[in-house]
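# Working through the structure, step by step
The primary structure of each chain is shown beneath.
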Amino acid sequence: NAGVTQTPKFRVLKTGQSMTLLCAQDMNHEYMYWYRQDPGMGLRLIHYSVGEGTTAKGEVPDGYNVSRLKKQNFLLGLESAAPSQTSVYFCASSYSENQPQHFGDGTRLSIL
Amino acid sequence: RKEVEQDPGPFNVPEGATVAFNCTYSNSASQSFFWYRQDCRKEPKLLMSVYSSGNEDGRFTAQLNRASQYISLLIRDSKLSDSATYLCVVNGQIKAAGNKLTFGGGTRVLVKP
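Quick look at the pairing of strand 1 (residues 4-7) of chain A now. Residue and element names in this part refer to chain A. Residues of strand 1 alternate between two faces, with Val4 and Gln6 buried on one and Thr5 and Thr7 left unburied on the opposite face. Relative to strand 3 (residues 19-25), strand 1 runs antiparallel, the two sharing four bridges. From the neighbouring strand, threonine 5 faces strand 3, where its bridge partner is alanine 24.

Put into structure tokens, the structure is as follows:
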């Protein structure tokens, strides 16, 4: 019973590099989300998806892109990483937008 | 004003004591309320939903006060394992996120022997 799985768990990048974070869920949830969590800031929504093939901007979308080609997967891309994107990234999924969200165990990303 | 506001704490609680803390929210039309628990360097996990009539789950009691726009969490007979950050979650607080859930910054609770 995997739930929400995020890969990788840790990553160190240099400024300007690109990378993709993968989120996979096996609960057949329609909604998926990407958050970042920084000290003193709480969870902030980056992008979200209400179903396969759809994506939408959240609270802090700049510098990130997302894709949801398959219902079970939600990818977060950083095209040109910046030190300000150093953070812990959490993926979550839910049955609907008002229902509790289930989280992956996070990706710790450092950008030097 | 933050959309979902919590006292960051920490609340230092003797083992066996009771601790309670609140969370205020800005959108009076909100319908969904939850408490999540987050351990250090771990993902948030759902602790309990908050219903209009108030609800209890073991040692945990959640209340909703719509008139004053806050929810509360009370922990009785605190255990060392209750040490964590408790996140208040409310729907419909941020325009860019529509009716989706918004997380508060969390209240840190430290239970000490």
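Here the narrative resumes.
The next thing to look at is the sheet that holds strand 1 of chain A. Residues and elements named next belong to chain A. One open sheet holds the four strands; their spatial order is 1-3-8-7, and the pairing between them is antiparallel. With one partner strand each, in any of the chains shown, strand 1 and strand 7 (65-67) form the two edges of the open sheet. Ignoring strand direction, the axes of neighbouring strands in this sheet form an average angle of 20°.

With that settled, the discussion passes to the packing of aromatic side chains. Residue and element names in this part refer to chain A. Going through the model one piece at a time under the given rule, you end up with 13 aromatic pairs over all chains. Pairing tyrosine 35 with phenylalanine 103 gives two aromatic rings, centres 5.7 Å apart and planes at 35°, and the pair type is tilted. On the criterion of sequence distance, the pair formed by tyrosine 35 in strand 4 (residues 31-38) and phenylalanine 103 in strand 10 (residues 102-103) is long-range, its members being 68 residues apart. What makes tyrosine 35 buried here is its relative accessible area of 1%. Owing to a relative accessible area of 9%, phenylalanine 103 belongs among the buried residues under this scheme.

What counts and what doesn't
Residues numbered from 1 in each chain as written. Chains lettered and ligands numbered in written order. Predicted model: local features only at pLDDT ≥ 70, side-chain atom pairs only at ≥ 80, totals over all residues. Heavy atoms only, no water. Buried < 20%, exposed > 50% of the residue type's maximum accessible area, 1.4 Å probe, protein only. Helix = DSSP H or I, 4+ residues; strand = E, 2+ residues; numbered from the N terminus. Pairing = 2+ DSSP bridges. Axes fitted to C-alpha atoms, helices over the stretch in contact; angles between N-to-C directions. Phe/Tyr/Trp six-rings, centres within 6.5 Å; stacked < 30°, edge-to-face > 60°.

Just geometry here; none of it tells us what the structure is for.
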